[in-house]
Amino acid sequence: LKFVHYTEISNIQLKHINIQRHYILVPEESAKNKKSRCATITKDLVDALLPIMKKYPNGDTYLFGSREGCLPSEQRVSMARFRKKWTSCGRT
């Protein structure tokens, strides 16, 4: 996701993902600049998200949850754990 800060990504809930229109909503309460916006996602990312959306139908589920491996869950992953995982993937 280009132009989406890692702190914003860590707050994404499944209800923020619009598979049909290929975007993720970054709500104002999660946005770094406190303004909501939409981030376009590629077809490849949509295809990767589809099984997750089917497996976790509750829209309040966090895409990056507190479960092992940051798997989706009802609780958001801690920022320290997410930051560690994010930087280990070569992201800044």
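Residues numbered from 1 in each chain as written. Predicted model: local features only at pLDDT ≥ 70, side-chain atom pairs only at ≥ 80, totals over all residues. Heavy atoms only, no water.

**Q** Explain the sheet that holds strand 2 (residues 23-26) to me, please; I cannot follow it from the model alone.
**A** Backbone hydrogen bonds hold the strands of a sheet together, and the pairing may be parallel or antiparallel. With antiparallel pairing, three strands are arranged side by side in an open sheet as 1-2-3. Of all the strands in the sheet, the pair left with one neighbour each is strand 1 (17-18) and strand 3 (37-40). Pairing between strand 2 and strand 3: four bridges, direction antiparallel. Bridging from a neighbouring strand, L25 pairs with C38 of strand 3. (Pairing = 2+ DSSP bridges. Helix = DSSP H or I, 4+ residues; strand = E, 2+ residues; numbered from the N terminus.)

**Q** Help me out: how do you make sense of the side chain of S30 in this one?
**A** Counting through the fold element by element, S30 comes out in the loop between strand 2 and strand 3. Overall, the relative accessible area of 12% leaves S30 in the buried class. Ignoring any residue separated from it by four or fewer positions in sequence, one finds S30 in contact with E8 and N11. (Buried < 20%, exposed > 50% of the residue type's maximum accessible area, 1.4 Å probe, protein only. Contact = heavy atoms within 4.5 Å.)

**Q** Quick question: what am I supposed to make of the pattern of salt bridges here?
**A** Here the idea is simple: oppositely charged side chains can pair when their charged atoms come close. Evaluated as defined, the whole model comprises three salt bridges. In this structure, E8 engages R37 in a salt bridge whose closest nitrogen and oxygen atoms are separated by 2.7 Å. Of this pair, E8 sits in helix 1 (residues 6-9) while R37 sits in strand 3; the two residues are 29 residues apart in sequence, bridging distant segments of the chain. Judged by its relative accessible area of 26%, R37 falls in the partly exposed class. (Salt bridge = Lys/Arg side-chain N within 4 Å of Asp/Glu carboxyl O.)

**Q** Looking at this model, I keep getting lost on the environment of P27. Mind explaining?
**A** Of note, P27 is situated in the loop between strand 2 and strand 3. Given a relative accessible area of 9%, P27 falls into the buried group. It is 8.7 Å that separates the C-alpha atoms of P27 and E8, two residues lying 19 residues apart in sequence.

**Q** How should the pairing of strand 2 be read in this particular structure?
**A** Successive residues of a regular strand alternate their side chains across the two faces of the sheet. The side-chain alternation of strand 2 yields one buried face, formed by I24 and V26, and one unburied face, formed by Y23 and L25. Pairing of strand 1 with strand 2 involves two bridges; the strand directions are antiparallel. Pairing of I17 across the sheet is with I24, part of strand 2. Taken together, strand 1 and the strand that follows it, strand 2, pair antiparallel across an intervening segment of four residues, in which H22 is found at a positive phi of about 60 degrees.

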